[in-house]
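Descriptive structure summary
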Amino acid sequence: MDIIVFKLGGSILAKLPNSFFETLVKVKQDYKCQPVIVHGGGPEITEALNKWNVKSTFVNGLRVTTADVLHVAEMVLSGSLNKQIVANIQRAGGSGIGLSGVDGSLLTTKPLDSKLGFVGEVSSVNNNMLNMVINQDSIPVISPIGIDADGQKYNINADMAAAAIAIALKGKLAFISDVPGVMEEKSSGSYVYPELTKSKIKELIQIGVITGGMIPKVQSALSVLEAGVSEAVILNGCQPADVTQYIQGNPVGTKVVHEEAYYV
Ligand SMILES: Nc1ncnc2c1ncn2[C@@H]1O[C@H](COP(=O)(O)OP(=O)(O)OP(=O)(O)O)[C@@H](O)[C@H]1O
Ligand SMILES: [Mg+2]
């Protein structure tokens, strides 16, 4: 049975309808796929940082993470948001088990770039633990805080964490965000790309069509394809029908595909 890693954007969490979680619980109960959730928390982290007067900046869509920022990000991600998603799954009749990348060294991490502070990239994923949760008929709900061998914790961009988990589990990857896919404003209106390849993504970043938080998302999508995962798609969580369509195998949102697939 296919594992599908659903990355829930922080931008969408508060807006996700109950039907989204009901759909995930149902597909698991019907053995259609095994959902795994990885979540972000951008807006909630920003709100908490403002409340505590902690300054933060972004470089290419990644939050520069000082020790203070890390502390707040962990509280928000592994605390209230993670448990809210677990609660939503259980309200929908399923069982959710919340874990951060710290628990059982689920996500071992190394620094991504010294300019970004405690921002990490995943070096390994504890698959055994995830499979244990999946096989207990529960949906794992993972917050993207990782840990290194010295016990230092890191903030991981949730798109990158989701990609590492999809690669480790050989699962598909669906980014659930607050936009219908990768869009471009044209004179005729806003256009959603149904498919994107690496070269087109590079071009759209260069000309400034893909910016901010969409950059780590498309790059993470490309990394899973390069690792041999069959697909990565960007979907709008505000339209639950899109999620159902996707699970049924219908084209929806923006699919990131290999160059050759584009031309057949
Ligand atoms: N070409 C584009 N098409 C669509 N959205 C784009 C594009 N370029 C930039 N974006 C921005 O990317 C955002 C989605 O990324 P963002 O990081 O904000 O959300 P997320 O990843 O879903 O949430 P989080 O980072 O909290 O997990 C959109 O809301 C939009 O503002
Ligand atoms: Mg993001």
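Heads up: these notes are all about the structure in this document.

Quick word on the side chain of Asp159
On the secondary structure map, Asp159 appears in helix α6 (residues 158–169). On the basis of relative accessibility, which here comes to 3%, the residue Asp159 falls in the buried class. Here Lys217 takes part through its side chain, which lies 3.2 Å from a polar atom of the side chain of Asp159. Ignoring any residue separated from it by four or fewer positions in sequence, one finds Asp159 in contact with Lys7, Phe175, Gly213, Pro216, Lys217 and Ser220.

What to know about the pattern of salt bridges
Throughout the structure, instances matching the rule amount to 10 salt bridges. The shortest N-O distance in the salt bridge between Asp30 and Lys26 comes to 2.5 Å. Its salt-bridge partner being Glu203, residue Lys200 comes within 3.3 Å of it at the nearest N-O pair. Of this pair, Lys200 and Glu203 both sit in helix α7 (residues 198–206), three residues apart, which is roughly one turn of the helix. Since its relative accessible area comes to 27%, Lys200 is described here as partly exposed.

Quick look at helix α2 (residues 18–29)
The end-to-end C-alpha distance of α2, which contains 12 residues, comes to 17 Å, matching closely the 16 Å that a straight helix rising 1.5 Å per residue would cover. Buried within α2 are the following residues: Phe20, Phe21, Thr23, Leu24, Val25, Val27 and Lys28. Of the residues one or two after α2, Tyr31 is the one with positive phi, at around 55°.

Focus: the site of ligand 1
Not every one of the 21 residues close to ligand 1 is listed here, only the nearest: Lys7, Gly42, Ser177, Asp178 and Lys217. Interatomic distance of 2.8 Å between a side-chain N/O atom of Asp178 and an oxygen atom of ligand 1. Separating a nitrogen atom of ligand 1 from a backbone N or O atom of Thr211 is a distance of 3.2 Å. The fraction of the free accessible surface of ligand 1 (630 Å²) that becomes covered by protein chains is 77%. Counting residues per element, the ones that place at least two in the shell around ligand 1 are α1 (10–13), α3 (42–51) and α8 (214–226). Considered class by class, the residues forming the shell around ligand 1 number seven nonpolar, 10 polar and four charged.

Things to note about the nonpolar core
Counting residues in hydrophobic clusters, the biggest one holds 42 residues, and the most contacted among them are Val5, Leu107, Ile165, Leu173 and Val182. Ranked by size, the runner-up nonpolar core spans 37 residues in total, among them Val69, Ile89, Tyr246 and Ile247.

Some points on the packing of α3 against helix α4 (residues 67–91)
Contact geometry for α3 and α4: axes closest at 9 Å, N-to-C directions at 130°. By the criterion of interaxial angle, the relationship of α3 to α4 is oblique. Between α3 and α4 lies a crossing of right-handed hand. Between α3, through Glu44, Ile45, Ala48 and Leu49, and α4, the contact on the second element is made entirely by Val69, Val72, Ala73, Val76, Leu77 and Leu81. When its residues are assigned to classes, the contact of α3 with α4 shows nine nonpolar, no polar and one charged.

Thresholds, definitions, all that
- Residues numbered from 1 in each chain as written.
- Chains lettered and ligands numbered in written order.
- Predicted model: local features only at pLDDT ≥ 70, side-chain atom pairs only at ≥ 80, totals over all residues.
- Heavy atoms only, no water.
- Helix = DSSP H or I, 4+ residues; strand = E, 2+ residues; numbered from the N terminus.
- Buried < 20%, exposed > 50% of the residue type's maximum accessible area, 1.4 Å probe, protein only.
- Polar contact = N/O pair within 3.5 Å; in protein donor to acceptor, adjacent residues only side chain to side chain.
- Contact = heavy atoms within 4.5 Å.
- Salt bridge = Lys/Arg side-chain N within 4 Å of Asp/Glu carboxyl O.
- Expected span 1.5 Å × (residues − 1).
- Near = heavy atom within 4 Å.
- Areas by Shrake-Rupley, 256 points an atom, 1.4 Å probe, with all protein chains shown as cover.
- Nonpolar A, V, L, I, M, F, W, Y, C, P; charged D, E, K, R; others polar.
- Core = buried A, V, L, I, M, F, W, Y, C linked by side-chain atoms within 4.5 Å.
- Axes fitted to C-alpha atoms, helices over the stretch in contact; angles between N-to-C directions.
- Parallel < 35°, antiparallel > 145°, perpendicular 65-115°, else oblique.
- Left-handed = near helix turned anticlockwise from the far one by under 90°.

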